[in-house]
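# Structural overview for review
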Amino acid sequence: MNVTCRDLESILERQEPAELAALKAHAAVCAACREQLALEREISATALQMQRTWESPELWPRIRERLAAEPRPAAPRWNLWSYFSSFSFNWQVAAATAALAVMAVSSYWLMFNTETEGTPTPPKVSRGAEPQPAPPNPARVVVDPQQRLLTEEALKEVERTEADYIKSIDRLSVLAQQKLQQSDSSLMANYREKLLVLDSAIAECRAQLEQNSFNAHLRRELLAIYQMKQATLTDVLQEAP
Amino acid sequence: MTALFVENVLSPLYATETRVESPHDPATLNPASTRPAASAEAALVEACRRGRMDAFERLYQLHGPKMKSVALHLMGNTHDAEDAVQEAFLKVYRGIGSFKGDSAFSTWVHRILVNACYDMRRRGLRRVDTVAPQEDSDDEPINRAPAPAANQPLRLALEKCVAQLSEAQRVVFLLYEVEGFSHAEIGEMLNISEGASKNRLFEAKRELRRLLTAQRGAAGKGKP
């Protein structure tokens, strides 16, 4: 590549490695370009010295005081609209169209296939034929007492599984504790800090659940935190000693 | 002979120019960075969302020094810089619920800081209107980052020249060359594209070269 003095600025602007190498070769025989390149390097090196630090022991207490006076930040809520808005416009249109289509088909199907309990549709009688019994309607939901019993059993099983899951995480935690306490590495310090935060979040979530044990959102949140804790503990155990 | 000269003398010239950037991990730019691992940062964000004061204190410990330095460059004196950092923390506290994790938490915090600085300047809350080079005789002793070969006259000359840059060029120069942010991060902070950040940096450095060359020329003529 043939480089002249006139190419200096454009090459510095583009920062292409091949061009820069050619410029360096040119600078070896050109004092003016050599001086400009040296100046460029000096600027970058000297700029590092412009970083400033100073002690301000009163700043954090001041900030803390102001933060304490603020109302607690609003807890983040899963918002269907903001989730929907995060998709591109085309996807939003596609999703809206699909939703409309599903609603239209459902409405049509419900309108022509449902029958209210206690008012059965009379069977169609064709001329010269015997009346036929109406076919069973899949839309009609009849709550069977045995079915209800099965649902409650399933719910209890979910709760039992959840309790077992928490117990197994506690056992994992005991195994990881030894490794966490023994190592002074910054990585383990980070893990310790993360686990502390997670434990505190679990305690907070449980306290809220005690006040409202039927809050499904809180239960899901608690489970998510436990999953995060499980992943962290697994990472700790997989780290080389 | 020429090849030897290129290898031994000019090769170091690009040691700082070909900075390897990892757009979303400023820690790679500075190995001694105190930025925690991504997982720890996620936990910190979660704790901040719950309004925990110890989490905000940790955030201050991690990013406070750099935030103060950035604010000082934008505000011009330590008092205003500290006010801006305080204002930024208040905004982070109030707006933590809106942090979606699209960018690194530190980038988001610094973006808030930069906006806080601009807001304060717009509202006329700063104590000085021009950003003059900081003299060491300020109220509080200001330390500069240790440099292997500190060139005090060049630093002072550079600070004077930086003060003459346009606001757009100056901010990008300070964030990239002084504070070590990547172009991607600067783009997010200033709401400009990565390419625009690169372009402003090039223009800033070209202008600085021009000003410094002129200064050196004037100094050379003044000598007997």
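Residues numbered from 1 in each chain as written. Chains lettered and ligands numbered in written order. Predicted model: local features only at pLDDT ≥ 70, side-chain atom pairs only at ≥ 80, totals over all residues. Heavy atoms only, no water.

## Quick look at the overall build of chain B
Here is the rule: Numbering of helices and strands runs from the N terminus; a helix is a DSSP stretch of H or I covering at least four residues, while a strand is a stretch of E covering at least two. Here the term buried applies to any residue with accessible area under 20% of the maximum for its type, exposed to any over 50%, and partly exposed to those in between, with areas from a 1.4 Å probe on protein chains only. Here the Shrake-Rupley method, with its probe set to 1.4 Å, supplies the accessible areas, and only the displayed protein chains count as covering residues.
A tally of regular secondary structure across chain B gives 9 helices and 1 strand. Listing every helix and strand of chain B by position from the N terminus yields α-α-α-α-α-β-α-α-α-α. Counting across all 224 residues of chain B, residues that qualify as buried make up 49%. Accessible surface, chain B: about 10,300 Å² in total, of which carbon and sulfur atoms supply 54%.

## With respect to the packing of aromatic side chains
Selection rule: Here a pair means two rings of Phe, Tyr or Trp (six-membered ring of Trp) with centres within 6.5 Å. Their orientation is stacked below 30 degrees between planes, edge-to-face above 60, and tilted elsewhere.
All chains considered together, the criterion is met by 7 aromatic pairs over all chains. Ring centres 6.3 Å apart and planes at 70° place the aromatic pair W60(A) and F89(B) in the edge-to-face group. Here the residue W60(A) occupies a position in helix α4 (residues 59-69), and F89(B) occupies one in helix α4 (residues 78-95), the pair thus bridging two chains. There is no split in this pair, since W60(A) and F89(B) are both buried.

## Side note on unusual backbone geometry
Notably, Q15(A) is not glycine yet its phi reads approximately 55°, a positive angle. Take Q15(A): it is sitting in the loop between α1 (8-14) and α2 (17-27). With a phi close to 60°, N191(B) is a non-glycine residue in the positive phi region. Checked against the element boundaries, N191(B) lands in the loop between α8 (183-190) and α9 (194-222).

## Focus: the environment of G97(B)
Among the secondary structure elements, G97(B) is positioned in the loop between α4 and α5 (105-122). Remark: the alpha-carbon pair of G97(B) and E46(B), spanning 51 residues in sequence, is separated by 9.6 Å.

## Quick look at the nonpolar core
Using the following cut-off: The criterion is simple. A nonpolar core is a set of buried Ala, Val, Leu, Ile, Met, Phe, Trp, Tyr and Cys residues joined through side-chain atoms within 4.5 Å.
Counting 68 residues, the largest nonpolar core has F56(B), L113(B), F173(B) and L190(B) as its most contacted members. At 11 residues, helix α3 (residues 53-75) of chain B tops the list of elements feeding residues into this core. Judged by nonpolar contacts, the second largest core, of 18 residues, contains I202(A), L209(A), L222(A) and I225(A).

## Quick word on the packing of helix α7 (residues 167-178) of chain B against α8(B)
Residues and elements named next belong to chain B. Where we set the bar: Axes here mean lines fitted to C-alpha atoms, for a helix over just the part in contact, with angles spanning 0 to 180 degrees between N-to-C directions. Between 65 and 115 degrees an angle is taken as roughly perpendicular, under 35 as roughly parallel, over 145 as roughly antiparallel, and anywhere else as oblique. In a left-handed crossing the near helix is turned counterclockwise from the far helix by less than a right angle, and in a right-handed crossing that turn is clockwise. The criterion used for residue contact is that any of the two residues' heavy atoms lie within 4.5 Å. Note that Gly is not counted as nonpolar here; it falls among the polar residues with everything else outside the nonpolar set of Ala, Val, Leu, Ile, Met, Phe, Trp, Tyr, Cys and Pro and the charged set of Asp, Glu, Lys and Arg.
α8 packs onto α7 with a crossing angle of 135° between their chain directions and a minimal axis gap of 10 Å. When the axes of α7 and α8 are compared, the pair comes out oblique. Crossing of α7 against α8: the hand is right-handed. Note on element contacts: α8 touches α7 through H183, I186, M189 and L190, opposite V171, V172, L175 and Y176. When grouped by side-chain class, the residues that make up the contact of α7 with α8 number 7 nonpolar, 1 polar and no charged.

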